[in-house]
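What follows is each chain in one-letter form.
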Amino acid sequence: MAKKRELSKDVRDKIVDLHKAGMGYRSIAKQLGEKLTTIGAIIRKWKKHKITVNFPRSGCPCKISPPGVSMIVSTVKNQPRTTREDLVNELKAAGTIVTKKTIGNTLRREGQVRMKTEDGQAMKTFIVGIGGVTNGGKTTLADKLLEMLPNCSLISQDNYFKPEAEVATDERGFKQFDVLEALKMEAMMSDVLSWIKQHREMEKSKTFQEKYEKSVHFLIIEGFLLYHYTNLDDLFDLRYFLSIPYEECKKRRSTRVYDPPDPPGYFDGHVWPMYIKHKEEMDTLQREIVFLDGTKTKEELLCYVYSGIKRAAHHCTS
């Protein structure tokens, strides 16, 4: 797959200047010949961070130079109690800005995986995203992982839909359930962060010997829009995404009973177009996402994902 063209800083600044001048996203996209999703992403980044250059996030291709990688690996070897925050600050002083997540991912690739949290304790939590198209097999896979993984919890995005009366309706009368605005994402984030806090407190209460046992607490988060909400996406250690073809998806959807039920034409008029839109947006994000063929058997998918999780989690405690 060809690498996506990177916009220059001048073009990014021009997009923001046009936005400040009152021009709409579509008008800017048309004038500059860029995708609407690209325009939106750059303006949202500017509104949040007041910058237009790329800001490294979880899943970005490694932004640390080879000398930088050597430096942090050497530091961890010689000073095992070094935290990710320490390494972020060291690289920042050297002119390289990265996140703690990028530090962790780089060290895992280099085999230096027993990092410490900021209070000096070993990392003991592992968060996995199971995303994908409607009826792609997310819930079935997540439920099986919940059964098989030790010390495992599950959070489902479907439990955070707003009441029907609070969900927008388009001009055709279709309820807009397949968008982030239909979800109580703040409440979902609160529950995820509470889980993380709970398990960090559990680590603090352990004896010295227990702290260095290799047990890991897993959190599976499944849903159809996991990777579009930045605050949540930054927490994942592994990301999976299930896809199935249009015809198979429509057939599976027709056998399900929803509350409220799908009105005639809802799948073709809302569900599938929104999936395509979100998938295209997701493809523009620089994330480490493992894509899965949802037409494979449940056993094949479970075996592949379970093995991948156990392998990655083992690296975090080796």
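Preceding this section is the structure that the text describes.
Residues numbered from 1 in each chain as written. Predicted model: local features only at pLDDT ≥ 70, side-chain atom pairs only at ≥ 80, totals over all residues. Heavy atoms only, no water.

What follows concerns the pairing of strand E3 (residues 217–223). In terms of residue burial, E3 counts as a mostly covered element, since seven of its seven residues are buried. Alternating positions in E3 separate into two faces, His217, Leu219, Ile221 and Gly223 on one and Phe218, Ile220 and Glu222 on the other, with burial throughout. When strand E2 (residues 152–156) meets E3, the two strands line up parallel, connected through five bridges. Across the sheet, residue Ile155 finds its bridge partner in E3, namely Ile221. (Buried < 20%, exposed > 50% of the residue type's maximum accessible area, 1.4 Å probe, protein only. Helix = DSSP H or I, 4+ residues; strand = E, 2+ residues; numbered from the N terminus. Pairing = 2+ DSSP bridges.)

Helix H2 (residues 25–32) packs onto helix H1 (residues 9–20) with a crossing angle of 140° between their chain directions and a minimal axis gap of 10 Å. Judged by the inter-axis angle, H1 sits oblique to H2. In the crossing of H1 with H2, the sense of the turn from one axis to the other is right-handed. Only Tyr25, Ile28, Gln31 and Leu32 of H2 make contact with H1, whose side of the interface consists of Lys14, Ile15, Leu18 and His19. Tallied by class, the residues present in the contact of H1 with H2 amount to five nonpolar, two polar and one charged. (Axes fitted to C-alpha atoms, helices over the stretch in contact; angles between N-to-C directions. Parallel < 35°, antiparallel > 145°, perpendicular 65-115°, else oblique. Left-handed = near helix turned anticlockwise from the far one by under 90°. Contact = heavy atoms within 4.5 Å. Nonpolar A, V, L, I, M, F, W, Y, C, P; charged D, E, K, R; others polar.)

Moving on, we come to the pattern of salt bridges. Per the stated rule, a full pass over the model turns up eight salt bridges. Ionic pairing is found between Lys144 and Glu147, a salt bridge with its closest N-O pair at 3.9 Å. Taken together, the residues span about one helical turn, with Lys144 and Glu147 both in helix H7 (residues 138–148) at a distance of three residues. Taking relative accessible area as the criterion, Glu147 reaches 60% and is therefore assigned exposed. Where Lys251 meets Glu248, a salt bridge forms, and the shortest distance between an N and an O atom there is 3.5 Å. Separated by three residues within a single helix, Lys251 and Glu248 lie in helix H11 (residues 246–254), roughly one turn from each other. On the basis of relative accessibility, which here comes to 23%, the residue Glu248 falls in the partly exposed class. (Salt bridge = Lys/Arg side-chain N within 4 Å of Asp/Glu carboxyl O.)

Among the nonpolar cores identified, the biggest contains 36 residues, and Met188, Ile221 and Leu232 are the most heavily contacted of them. Where this core is concerned, the elements lending two or more residues are helix H8 (185–205), E3 and helix H12 (266–284). It is H12 that provides the largest number of residues to this core, a total of seven residues. With sequence-adjacent residues up to four places away left out, Leu232 is seen in contact with Met185, Met188, Met189, Val192, Ile221 and Leu226. Val128, Leu141, Cys152 and Phe218 belong to the second-largest nonpolar core, a separate cluster that totals 21 residues. (Core = buried A, V, L, I, M, F, W, Y, C linked by side-chain atoms within 4.5 Å.)

Here we take up unusual backbone geometry. With a phi angle near 60°, Asn135 is a residue other than glycine that sits in the positive phi range. Structurally, the position occupied by Asn135 is in the loop between strand E1 (125–132) and H7. The backbone of Asn151 shows a phi angle near 50°, a positive value even though the residue is not glycine. Asn151 sits in the partly exposed class, given a relative accessible area of 43%.

Below, the discussion takes up the sheet that holds E2. Reading across from one edge, E2-E3-E1-E4-E5 is the order of the five strands in this open sheet, with parallel pairing throughout. Taken across any chain shown, the strands that pair with only one partner, and hence form the sheet edges, are E2 and strand E5 (290–293). Taking each pair of neighbouring strands and ignoring which way they run, the sheet shows an average axis angle of 20°. Set on the sheet, H12 makes contact with strand E4 (238–243) and E5; between it and E4 the angle comes to about 145°.

Here H11 crosses H12 at 115°, and the two axes come no closer than 12 Å. The chirality of how H11 crosses H12 is right-handed. Residues Tyr246, Cys249, Lys250 and Arg253 of H11 lie in contact with H12, whose contacting residues are Tyr266, Phe267, Asp268, Val271 and Trp272. Residues that form the contact of H11 with H12 fall into these classes: six nonpolar, no polar and three charged.

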